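A closer look at the structure
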Amino acid sequence: MQAVYLDYASLNQNDLDFKALHAAFEQLQLYPTTHPQDVLARVCDVDVIMTNKVVIDAATIQQCPHLKLILISATGTNNVDLTAAKARGIVVCNCQAYGTSAVAQHTLMLMLNLATSFVSYQKDIQAGKWQNATQFCLLDAPIVELAGKTLGIVGYGELGRAVAKLAEAFGMKVLVGNLPNRPSDASRVPFAELLSQVDFLSLHCPLTEDTKHLMSTAEFEAMKPSAFLINCARGGIVDEVALVNALRSGQIAGAATDVLTVEPPTAGNVLLDASIPNLIVTPHNAWGSSDARQRIVNQMLENVDAFKAGQPIRQVN
């Protein structure tokens, strides 16, 4: 089989082992990135397409007579026209649960940074404030303990459960929120009630019509002024302008996000203003440990082997 990986650099930073994946094909062509205008020329003659974020639309699929398998090197499938692939008998497989430990770890890292005012104290040291202090320590920014605090989790799948487990190890009380427009669940707290109860709110739900701008002005107003928001899910779940206003007005104490509405933010983003108080932004790399990225490579190989055996796994169409 002839295969092509269209955005290899989105996964590999010269730190992964691709030998077995190469061996699975007669030929595997790797492209660091692929611009939309170059997609068709690179895929029209192959049997297998591998893509992370490069779009494979219906028009492209129709012009690939040999295409048998599309491997998505991520969980999200919105960049591939699944209906068109199915109509052509093309199997589409994704990767799953590869970044659970990495994202859960990143989420706790963001919580700890907010709780300890880590960024503020680092800036103070760099500015020479500790060096010129009249006492042995700096206590100018608030420091709170996670122990005894309440963490609300919205999105209680594998990631949400992993975060809950880590939070409980820190002595936190965990409440699971029930998303709006979902059937009620006695084990979960209605979302509107959850907001006023939590000291930290961590988002791990998918971006859908129901969750778009799940956190906006009214929701921030319902939270405690001492509460923190963490978003390691999707950027559109949070109304970014409303978040800026909530932070500037002191409606909430702080926030951290690993995601923005448009990525990369080539046209800028309101959350990238350095003057916004107590906001941490990381570049959508919560998932990106070398361990997690190697799991993706390994899962793609498993998907190829299963397809060859006539028993596809992780099939999404």
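Here is a short report on the structure shown in this document. Just so it is clear, the model here is predicted, and its values are computed rather than measured.

**Here we look at empty space enclosed by the protein**
It is a probe the size of a water molecule, rolled over the atoms, that shows where empty space is left. For the structure on display, the rule yields one cavity of 30 Å³ or more. Volume-wise, the largest cavity comes out at about 50 Å³. Lining of the largest cavity is provided by Leu229, Asn231, Gly235, Val238, Glu240, Leu243, Ala255, Ala256, Thr257, Val259 and Leu271. Secondary structure elements with two or more residues in the lining of the largest cavity: strand E10 (228-231), helix H10 (240-249) and strand E11 (254-257). Counting residues per element, the lining of the largest cavity draws most heavily on E11, which supplies three residues. Residues of the lining of the largest cavity, tallied by class, amount to seven nonpolar, three polar and one charged.

**Some thoughts on the layout of surface pockets**
By volume, the second largest pocket amounts to about 260 Å³. Of all elements in the fold, only helix H6 (118-126) and strand E12 (279-281) reach the threshold of two or more residues within the lining of the second largest pocket. Its residues placed into classes, the lining of the second largest pocket shows eight nonpolar, four polar and two charged.

**Topic: the pairing of strand E4 (residues 69-72)**
With burial as the criterion, each face of E4 is covered, one bearing Leu69 and Leu71 and the other bearing Ile70 and Ile72. Handedness of the crossover is the feature at issue here: the chain leaves E4, passes through helix H4 (residues 82-87), returns alongside strand E5 (residues 91-93), and the resulting connection is right-handed.

**Side note on H10**
Those residues of H10 that sit buried are Glu240, Ala242, Leu243, Val244, Ala246 and Leu247. Buried residues in H10 make contact with helix H9 (217-222), E10, E11 and E12. The opening residue of H10, the one whose side-chain oxygen lies 3.2 Å from the backbone nitrogen of Val241, is Asp239.

Conventions we followed
Residues numbered from 1 in each chain as written. Predicted model: local features only at pLDDT ≥ 70, side-chain atom pairs only at ≥ 80, totals over all residues. Heavy atoms only, no water. 1 Å grid on protein atoms, 1.4 Å probe; cavity = no way out; pocket = protein on both sides within 12 Å on 5 of 7 lines; lining within 4 Å. Points joined across faces, edges and corners; volume = space filled by probe spheres on them. Helix = DSSP H or I, 4+ residues; strand = E, 2+ residues; numbered from the N terminus. Nonpolar A, V, L, I, M, F, W, Y, C, P; charged D, E, K, R; others polar. Buried < 20%, exposed > 50% of the residue type's maximum accessible area, 1.4 Å probe, protein only. Right-handed = clockwise from strand over helix to strand, strands pointing away. Contact = heavy atoms within 4.5 Å. Polar contact = N/O pair within 3.5 Å; in protein donor to acceptor, adjacent residues only side chain to side chain.

Structural measurements only, silent on function.
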